[in-house]
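Structural features, examined
If you want the building blocks of each chain, they are given just below.
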Amino acid sequence: MSLSVTTTSIDPVTGEITNQDPYPKDGSDLAGFESWRHKVYGSDALISRGAVFLPKLFAEDLFIFGGDLILFRKELERLIDVIPEISVELGIDVEGLQFRFGNILTATQYAIREGKAVWVA
């Protein structure tokens, strides 16, 4: 099983999903393997670099919207800057990490522009 990232529309009153955007067919929805919840996103390599949102994937899916999107984007940008170091610590190839973190960042930037939410599950 794989983790995917998608964007959704949300009800501004309840914060619930009202419409999930279709998954792209080009692989830009790929966010990692299910095992990455523990091996990558919940790892000390990310937590020690100040990650707050991504480590939540260890125990639950992420649903990020509103003002948290800006903070999430900043977290992703900081981590992407140090992917070579994270790669060494985790024993995962740089390209694989960059591709999946990049997919999450792209979805986050889109959600910010369009007033949507990001859902990583």
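Summary of the structure given here. All of these numbers come straight from a predicted model, not from anything done at the bench. (Residues numbered from 1 in each chain as written. Predicted model: local features only at pLDDT ≥ 70, side-chain atom pairs only at ≥ 80, totals over all residues. Heavy atoms only, no water.)

Relative to the helices and strands, Asn103 resides in helix α5 (residues 94–114). A relative accessible area of 8% places Asn103 in the buried class. One polar contact links the side chain of Asn103 to the main-chain carbonyl oxygen of Gly27, over a distance of 3.2 Å. Dropping the residues within four chain positions of it, Asn103 is found in contact with Val5, Gly27, Ser28, Asp29 and Leu30. (Helix = DSSP H or I, 4+ residues; strand = E, 2+ residues; numbered from the N terminus. Buried < 20%, exposed > 50% of the residue type's maximum accessible area, 1.4 Å probe, protein only. Polar contact = N/O pair within 3.5 Å; in protein donor to acceptor, adjacent residues only side chain to side chain. Contact = heavy atoms within 4.5 Å.)

A word on α5. The first and last C-alpha atoms of α5 sit 30 Å apart over 21 residues, in line with the 30 Å expected at 1.5 Å per residue. Looking only at α5, the buried set comprises Gly96, Leu97, Arg100, Phe101, Asn103, Ile104, Leu105, Ala107, Thr108 and Ala111. Gly115 sits one or two positions beyond α5 and adopts a positive phi of about 70°. (Expected span 1.5 Å × (residues − 1).)

Throughout the structure, instances matching the rule amount to 5 aromatic pairs. Between the aromatic rings of Phe33 and Trp36, the centroid separation amounts to 6.0 Å while the plane-to-plane angle is 75°, which identifies the pairing as edge-to-face. Classification of Phe33 as partly exposed rests on a relative accessible area of 42%. Judged by its relative accessible area of 5%, Trp36 is buried. Between Phe53 and Phe72, the aromatic rings sit 5.6 Å apart at their centres with planes inclined by 75°, giving edge-to-face as the arrangement. Placement of Phe53 in the loop between α2 (44–47) and β4 (62–64) and of Phe72 in helix α3 (residues 68–81) is noted, with a sequence separation of 19 residues between them. Just as Phe53 is buried, Phe72 falls in that class too. The structure contains a cluster of three or more aromatic residues connected by ring pairs, namely Phe33, Trp36, Tyr41 and Phe101. Above the plane of the ring of Trp36 lies Arg100, whose end atom (NZ or CZ) is 5.3 Å from the centre. (Phe/Tyr/Trp six-rings, centres within 6.5 Å; stacked < 30°, edge-to-face > 60°. Lys NZ or Arg CZ within 6 Å of the ring centre and 35° of its normal.)

The next thing to look at is the pattern of salt bridges. Following the criterion strictly, the structure yields 6 salt bridges and no others. Of the charged contacts in the structure, one is a salt bridge between Arg37 and Glu34, with a shortest N-O distance of 2.5 Å. Its salt-bridge partner being Arg73, residue Glu77 comes within 3.7 Å of it at the nearest N-O pair. Remark: Arg73 and Glu77 occur in helix α3; sequence separation between them is 4 residues, near one turn of the helix. Overall, the relative accessible area of 32% leaves Glu77 in the partly exposed class. Three or more residues joined by partner-sharing salt bridges are found here, namely Glu34, Arg37 and Asp61. (Salt bridge = Lys/Arg side-chain N within 4 Å of Asp/Glu carboxyl O.)

In short, shape yes, function no, at least from these values alone.
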